[in-house]
Amino acid sequence: MYSPEDDDMAIQKIIIAIDGYSSCGKSTTAKLVAARLGYGYIDTGAMYRAVTLYFTEKNISLTNPRDVEKALLDISISFHHNARINENEAFLNGLNVEKEIRKMYISDMVSEVSAIPEVRHAMVAQQQKMGRKKGIVMDGRDIGTRVFPDAELKIFMTADLDLRAYRRQQELMEKNQLVNFEEIKNNLMHRDEIDTTRKESPLTQAADAFLLDTSHLTVDEQVDHVVGLAQSRMLFPSVSS
Ligand code: DC
């Protein structure tokens, strides 16, 4: 572990890729890790959700690659920090869509939309741009395998399915959305199935990723674990040594 007295080492900015199943605490962990390290945080799931919202509103046919490509040209996704709640919020073509993209009708569609190769190519290119200066924590399904295969730290998160559904239900309740437990569980199973079996960059643990099962961990424990790993990855021998 680095100590400031250790003048043979210097600190570099790294990319932290956090992948894993839906609702195992990726974004909660990623946000807090980013805050502790003073890093940026990108929720790539929000980008696929914003595309899904656009396609739904504009009735874009998911089976016609040309329609999809054309629609993607009209989509601009960005994140802006909301100082009041100290969170990044997703914007689609200049409109704050943070609340809308978390609703169940988007969750029901997003895995189908994110399996479309044209959608993935467009989002991956944007994500690579967002992370090119490093100093970033990015969470998703293919960050360590496709977006940043050379990321200095890769985490693969998983948790017990019932726990994931319960946590998701609590999260939705906090947003005043009452959704039946079985409905959430079925949605998670459906998304796991599509996310892990799609042709284009399916969800899979990178060979060099650390497996983090959050079933029996508190959020603080998860964050401490990732920050500890990150700190060791940030060190490199200084030029003067
Ligand atoms: O993280 P989330 O549940 O908000 O993600 C929504 C969906 O987006 C998820 O079911 C799979 C997809 N996704 C993806 O395919 N690749 C990513 N890098 C992030 C999310």
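Use the structure listed above.
These lines cover the structure that appears in this document, whether it is placed above or below. (Residues numbered from 1 in each chain as written. Predicted model: local features only at pLDDT ≥ 70, side-chain atom pairs only at ≥ 80, totals over all residues. Heavy atoms only, no water.)

### Regarding the sheet that holds strand β4 (residues 77-82)
Pairing between the strands of a sheet comes from backbone hydrogen bonds, and it takes one of two forms, parallel or antiparallel. An order of β4-β5-β6 is seen for the three strands of this open sheet, with the pairing classed as antiparallel. Each edge of the open sheet is held by one strand with a lone partner, namely β4 and β6 (95-96). Sheet contacts for helix α2 (residues 44-57): β4 and β5 (87-92); angle to β4, the most-contacted strand, approximately 120°. (Pairing = 2+ DSSP bridges. Helix = DSSP H or I, 4+ residues; strand = E, 2+ residues; numbered from the N terminus. Contact = heavy atoms within 4.5 Å. Axes fitted to C-alpha atoms, helices over the stretch in contact; angles between N-to-C directions.)

### Looking at the packing of aromatic side chains
Evaluated as defined, the whole model comprises one aromatic pair. Where Y21 meets F156, the ring centres are 5.9 Å apart and the plane angle is 80°; that geometry is what we call edge-to-face. With Y21 in the loop between β2 (15-20) and α1 (26-37) and F156 in strand β8 (residues 153-158), the pair connects residues that are 135 residues apart, well separated along the chain. Accessibility expressed as a relative area gives 23% for Y21, which makes it partly exposed. (Phe/Tyr/Trp six-rings, centres within 6.5 Å; stacked < 30°, edge-to-face > 60°. Buried < 20%, exposed > 50% of the residue type's maximum accessible area, 1.4 Å probe, protein only.)

### Structural notes on the nonpolar core
Core analysis: the biggest nonpolar cluster contains 34 residues, and V51, F55, L72, I75, I77, V119 and M123 have the highest contact counts within it. Element by element, the count of residues in this core is highest for α2, at eight residues. Residues A30, V33, V226 and V227 belong to the second largest nonpolar core, which totals 22 residues. (Core = buried A, V, L, I, M, F, W, Y, C linked by side-chain atoms within 4.5 Å.)

### Considerations on the pairing of β8
Extensive coverage of β8 is indicated by the burial of six of its six residues. Neither face of β8 is exposed, since L153, I155 and M157 on one face and K154, F156 and T158 on the opposite face are all buried. Alignment of β2 against β8, held across five bridges, turns out to be parallel. Across the sheet, the residue bridging to A17 is K154, located in β8. Where β8 lies against strand β9 (residues 210-213), four bridges are found, and the strand directions are parallel. In the sheet register, I155 faces β9, and the bridge partner there is F210.

### Topic: the pattern of salt bridges
Applying the stated criterion across every chain, the model contains 13 salt bridges. Its salt-bridge partner being E87, residue K31 comes within 3.0 Å of it at the nearest N-O pair. One end of the pair, K31, is in helix α1; the other, E87, is in strand β5, and 56 residues separate them in sequence. The class of K31 is partly exposed, set by a relative accessible area of 34%. Overall, the relative accessible area of 28% leaves E87 in the partly exposed class. With a closest N to O distance of 2.8 Å, D162 and K185 form a salt bridge. Here K185 lies in helix α8 (residues 181-197) and D162 lies in helix α7 (residues 161-174), a separation of 23 residues in the sequence. Among the residues examined, D162 registers a relative accessible area of 37% and is labelled partly exposed. Relative accessible area serves as the criterion here: at 18%, K185 is assigned to the buried category. Each member of the salt-bridge network shares a partner with another, and the members are D43, E98 and R102. (Salt bridge = Lys/Arg side-chain N within 4 Å of Asp/Glu carboxyl O.)

### Focus: the sheet that holds strand β7 (residues 136-140)
The strand order across the open sheet formed by five strands is β3-β7-β2-β8-β9, and the pairing between neighbours is parallel. A single partner strand is all that each edge strand has here, and the edge strands are β3 (40-43) and β9. Taking the axes of each pair of neighbouring strands and ignoring which way they run, one obtains an average angle of 20° across the sheet. Against the sheet, α1 makes contact with β2, β3, β7 and β8, and its axis sits at roughly 180° relative to β7, the strand it touches most.

### Side note on helix α4 (residues 104-114)
Three or more residues of α4 are buried, namely M104, I106, S107, V110, S111, V113 and S114. Along its buried surface, α4 packs onto α2, α5 (117-130), α7 and α8.

### Section: the site of the ligand
Taken together, 15 residues lie near the ligand, and R49, R120, D142, R191 and R198 sit nearest. A distance of 2.9 Å is found between an oxygen atom of the ligand and a side-chain nitrogen or oxygen belonging to S111. With the chains in place, 95% of the 450 Å² that the ligand exposes on its own is no longer accessible. The set of elements that each furnish at least two residues to the shell around the ligand consists of α2, α4 and α8. For the shell around the ligand, the residue count by class is three nonpolar, five polar and seven charged. (Near = heavy atom within 4 Å. Polar contact = N/O pair within 3.5 Å; in protein donor to acceptor, adjacent residues only side chain to side chain. Areas by Shrake-Rupley, 256 points an atom, 1.4 Å probe, with all protein chains shown as cover. Nonpolar A, V, L, I, M, F, W, Y, C, P; charged D, E, K, R; others polar.)

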